[in-house]
Structures are given as C-alpha cells and as structure tokens.
Amino acid sequence: VQLMESGGGLVQAGDSLRLSCAASGRTSSSYAMGWFRQAPGKERQFVGAIRWSDGRKYYTDSVKGRFTISRDNAKNTVYLQMNSLKPEDTAVYYCAASNYKYSDYDRAYDYWGQGTQVTVSS
C-alpha cells in the first residue's frame, strides 16, 4: 500500500484546510486509516482515525469539533478537514494505514505517507 498526502500549506489562524490521503496498491487489505502529526521537537501525535468498513471515527481531544475525517471508498481516499486552525496545529501531517487495527497507537499502522506540512500563523 502506498499513501500520498496532499493539501498542506501556510494559513492564518482561524482558516481551514483539507488534507487528502490517496491510497494505492493492495488497498483491499486496509482496515483503518489514521492521521498523525509531528511538530518540530515533539513526538508524533495521533489526530484521528476512520474505519473503512463503516466509517466509524474518533479524534484526539484537542481537535474534536474542529477536525473531521471522511472517506471515499471508491477513490481509496481519506480526508482530514481542518477548521478553526490554531498556531499549535502547525506540524507535518501524516496519514497511515492499518491492516488490522483501528487505533490511536502509531505502531498499529503498517504503512505511512511522506507527510504534508501545515503551518498556521497567528
């Protein structure tokens, strides 16, 4: 499975961005998709996850009510809609695919994209 993120950029606080993650290859084996982020000097942090089969999703507390994950099964693509962005959301955002788990633990994921930079200015 190959993952390709897109949609990052430089925005101002309060703006919105939508990230996309297109999956290719043996996508039929994928059980769930996750979004993670990593800010400079910090550990990678779970953002949210979605299960392919039923669209069930969950988020880390800091993004609840602002970020929304969705999926398009026909396109093998997952989206991360980010609204009301804050400077503390600045990070490289990664999507990841898990063959077996629906999890907030990064080691549960088998495949990772290259990341896309999101920068939020104050």
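Structure first, text after, so check above.
Residues numbered from 1 in each chain as written. Predicted model: local features only at pLDDT ≥ 70, side-chain atom pairs only at ≥ 80, totals over all residues. Heavy atoms only, no water.

A.B. asks: Lay out the nonpolar core with the relevant residues and their values.
C.D. replies: Core analysis: the biggest nonpolar cluster contains 27 residues, and L3, M33, W35, F67, L80, M82 and Y93 have the highest contact counts within it. If you list the elements that add at least two residues to this core, you get β3 (17–24), β4 (32–38), β5 (45–51), β7 (67–72), β8 (77–82), β9 (91–98) and β11 (116–121). Aside from chain neighbours lying at most four places away, what touches M33 is L3, C21, G48, A49, I50, W52, V78, A96, A97 and Y109. Counting eight residues, the second largest nonpolar core, distinct from the first, contains A32, F36, F46 and A108. (Core = buried A, V, L, I, M, F, W, Y, C linked by side-chain atoms within 4.5 Å. Buried < 20%, exposed > 50% of the residue type's maximum accessible area, 1.4 Å probe, protein only. Helix = DSSP H or I, 4+ residues; strand = E, 2+ residues; numbered from the N terminus. Contact = heavy atoms within 4.5 Å.)

A.B. asks: Lay out the pattern of salt bridges in plain terms, naming residues and giving numbers.
C.D. replies: Following the criterion strictly, the structure yields five salt bridges and no others. The salt bridge partner of D89 is R37, with a shortest N-O separation of 2.9 Å. One end of the pair, D89, is in the loop between β8 and β9; the other, R37, is in strand β4, with 52 residues separating them in the sequence. Residue classification places R37 among the buried residues on the basis of a relative accessible area of 6%. Two residues, D106 and R44, come together in a salt bridge whose shortest N-O distance is 3.3 Å. You can see D106 sitting in the loop between β9 and β10 (111–112) and its partner R44 sitting in the loop between β4 and β5, a full 62 residues away along the chain. Classification of R44 by relative accessible area gives partly exposed; the value is 34%. Residues participating in the shared-partner salt-bridge network are R37, R66 and D89. (Salt bridge = Lys/Arg side-chain N within 4 Å of Asp/Glu carboxyl O.)

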